[in-house]
Every structure is written in structure tokens, then in C-alpha cells.
Amino acid sequence: MGFKEQIDLNRLPQHVAIIMDGNGRWAKNQGKFRVFGHESGVLSVKDIVEGCVDIGIKYLTVYAFSAENWNRPIEEVNALMELLISTINAEAESLNKNNIRLNAIGDLKSLPKKCQDDLANVMQITAHNTKCTLTLALSYSAQWEIAQAAKRIAEKVQAQDLTLEEINEACFAAHLTTAEMPDPELLIRTSGENRISNFLLWQIAYTELYFTETLWPDFRREHLFEAIVDFQKRERRFGKISEQLN
Ligand code: FPP
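Basis of the calculations
Residues numbered from 1 in each chain as written. Predicted model: local features only at pLDDT ≥ 70, side-chain atom pairs only at ≥ 80, totals over all residues. Heavy atoms only, no water. Buried < 20%, exposed > 50% of the residue type's maximum accessible area, 1.4 Å probe, protein only. Helix = DSSP H or I, 4+ residues; strand = E, 2+ residues; numbered from the N terminus. Pairing = 2+ DSSP bridges. Axes fitted to C-alpha atoms, helices over the stretch in contact; angles between N-to-C directions. Contact = heavy atoms within 4.5 Å. Core = buried A, V, L, I, M, F, W, Y, C linked by side-chain atoms within 4.5 Å. Parallel < 35°, antiparallel > 145°, perpendicular 65-115°, else oblique. Left-handed = near helix turned anticlockwise from the far one by under 90°. Near = heavy atom within 4 Å. Polar contact = N/O pair within 3.5 Å; in protein donor to acceptor, adjacent residues only side chain to side chain. Areas by Shrake-Rupley, 256 points an atom, 1.4 Å probe, with all protein chains shown as cover. Nonpolar A, V, L, I, M, F, W, Y, C, P; charged D, E, K, R; others polar.

Burial runs high along strand β1 (residues 15–19): 5 of the 5 residues are buried. As paired strands, β1 and strand β2 (residues 59–66) are joined by 5 bridges and run parallel to one another. Bridged to His15 within β2 is Tyr59. One ladder, built from 4 bridges, connects β1 with strand β5 (residues 186–189); its direction is parallel. Residue Ile19 lies in a different strand from β5, and its bridge partner there is Arg189.

Here it is in C-alpha cells:
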């Protein structure tokens, strides 16, 4: 039996987040340039989005470019930006056809203008789609996001639009870039690195973590289904004891 058949569709995670790692090593293993790994990684993104739509995952968030990735060699940064632009434009129609909404989180203003414009355009033309929301984390840093939220809350307090008593976890979450989504129940990181790397730090408080050795360009929907089967075997207690569940 394949992993897909083992999934209990009544207990699907609503939101899966992925740290797509290992593109560079995958390319290097084949004696190719790193960019070839990123290009191949786009095929994995496509397959995983289709896999999510296939089984009914409502939110998929992928870490496509971290704030720290700006420190890579300029040629690689440029190639990633160009790949991003060409991919979102090439996929716009297919996103619409499959009822998928494109969303982006991160310090989007730091992206090249063309990238910002094309992103805004594809986000707008897919805004009405309801089957799945694909969120690209771009120039994203969770610490940046948390600091931004704190700043916005402080501004509201200063303007007397918010009182100190109103600041709690829900209020804070509402000021994050992920305000409209449920927190991810499952976070996957590929390529054998067991780190969070500044991704969704607030939102993963109770998220199940899944680390796999598979490099991102080799990751396909069957690997996603395997991760979900593993997720469904876990007992999520949220601080309670086993006997209190159900
Ligand atoms: C990590 O591998 C991957 C990235 C920094 C970029 C991910 C980008 C894509 C998959 C393509 C663009 C995506 C979209 C949605 C258009 P790495 O380079 O850190 O690999 P390494 O650790 O082996 O060096």
C-alpha cells in the first residue's frame, strides 16, 4: 500500500510548512551548478502543491528565500530572483485553473521591483481562489516578523487604538504576516539539517517537526504523504496527558 492510501483524510493537517533545503548539494552531487538545483527544486514545489490539492491540504507555506539568503553570492541571489519571477508568471494560469491562491510573506519591499510587481499581479489574479493557499516566504525572517508585529502594536498603543490590557497571544498573532492562516500542524525540513533557521518561530509553538534526509529536488508528493502518515501516528497532547485526550 502506498503512503497516500494510509492517510486518514479526516485528520489532515490544515497547514503544512516546508523548509526546502538541499538544492545546492543535489546539484553539486551531479557536478552541476547550484542554480540547476534551484531550477529542479521548482519541479518539487509544483509536485508538492499538486499533492496538497490532491488530498485537500488547505495551506502550504514554503521557505523560498530567507532574509539571510541575501548574503549568498550575488549571482545566486539574482538567479533565484529570476527563477521566482519566471516561475510565478509561468504558473499563474495553472494556479487559477486549480483554484489555488498565491500569497507571500516576508520583507517583500526588499525584493527587486519586477519581482514585487509580478508577485502582486499573480496574487491579485488568484485572490478569489479557495482550494488551497500557497504562501511563499520571501526575504522572510521570523525574528523580523515578530519585531514588526511588536512595532505595529506599539504604534497602535501610542495612537490609543489599543490598550495594554488588549495585548495577548491572539492580538500578537493577528499582527503577524500569517494572521489569516491557522498555525501549521506539520513542518517539514529536507536535506538532513535539523534546524528551524528563523522560519515561523511564533507559529510553530505546537507544530510537529519532520526532518528527512531527502534533498529538496528529490522530494515528491509520495514523500509528503509519508510525512503526513508519520504525523498522524503522533499523539498531540498540547501539554495535557494521554488520558485527557478525546
Ligand atoms: C535551499 O537549498 C533552497 C533555497 C535557498 C531556495 C529555494 C528555492 C526554490 C526551490 C526555487 C524557487 C521557488 C519558487 C517557489 C519559485 P540550498 O541552496 O540551501 O541547498 P544547500 O543547503 O544544499 O546548499
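Moving on, there is more to tell.
Strand order across the open sheet formed by 6 strands is β3-β4-β2-β1-β5-β6, with parallel pairing between neighbours. The strands lining the two open edges of the sheet, one partner per strand, are β3 (100–105) and β6 (208–211). Averaged over neighbouring strand pairs, the angle between their axes works out to 20 degrees when direction is ignored. When β3 meets strand β4 (residues 132–140), the two strands line up parallel, connected through 6 bridges. Bridge assignment links Leu102 to a residue of β4, and that residue is Leu134. The strands touched by helix α3 (residues 34–55) within the sheet are β1, β2, β3 and β4, with β2 carrying the most contacts at an inclination of about 165 degrees.

Attention shifts here to the nonpolar core. Ile18, Leu60, Leu136, Ile188 and Leu224 are the most contacted members of the largest nonpolar core, which totals 45 residues. Not counting residues within four places of it along the chain, the set of residues in contact with Leu136 comprises Val62, Leu84, Ile88, Leu102, Asn103, Ala104, Ile105 and Leu119. Listed in part, the 14 residues of the second largest apolar core include Tyr59, Ala142, Phe199 and Ile204.

The phi dihedral of Gln160 is positive, around 60 degrees, even though this residue is not glycine. By the element assignment, Gln160 lies in the loop between α6 (142–158) and α7 (169–174). A relative accessible area of 72% places Gln160 in the exposed class. Positive phi is not limited to glycine here, since Phe238 has a value of about 50 degrees. Here Phe238 lies in the segment after α8 (221–233).

This paragraph deals with the packing of helix α4 (residues 74–97) against helix α5 (residues 113–125). At a minimum axis distance of 10 Å, the contact between α4 and α5 shows a crossing angle of 15 degrees. In terms of axis orientation, α4 runs roughly parallel to α5. Considering only the axes of α4 and α5, their crossing is left-handed. Touching Met81, Leu84, Ile85, Ile88, Asn89, Ala92, Leu95 and Asn96 of α4 are Lys114, Cys115, Asp118, Leu119, Val122 and Ile125, all from α5.

Quick look at the site of the ligand now. Looking at the ligand, there are 19 residues lining it, with Asp21, Gly24, Arg25, Arg34 and Arg72 nearest. Contacts to the ligand include Arg72, whose side-chain N or O atom sits 2.8 Å from an oxygen atom. About the coverage of the ligand: the protein hides 91% of its 630 Å² of free accessible area. Mapped by element, the contributors of at least two residues to the shell around the ligand are α2 (23–29), α3 and α4. Taken together, the residues of the shell around the ligand sort by class into 8 nonpolar, 7 polar and 4 charged.

Once that is clear, we can look at the packing of α3 against α4. At a closest axis distance of 10 Å, the pairing of α3 and α4 adopts a crossing angle of 30 degrees. Regarding the angle of α3 to α4, the classification is roughly parallel. In this structure, α3 crosses over α4, and the sense of that crossing is right-handed. Residues Arg34, Val35, His38, Glu39, Val42 and Lys46 of α3 form the contact with α4, whose own contacting residues are Glu76, Ala79, Leu80, Leu83, Thr87 and Glu91. Looking at the contact of α3 with α4, its residues break down into 5 nonpolar, 2 polar and 5 charged.

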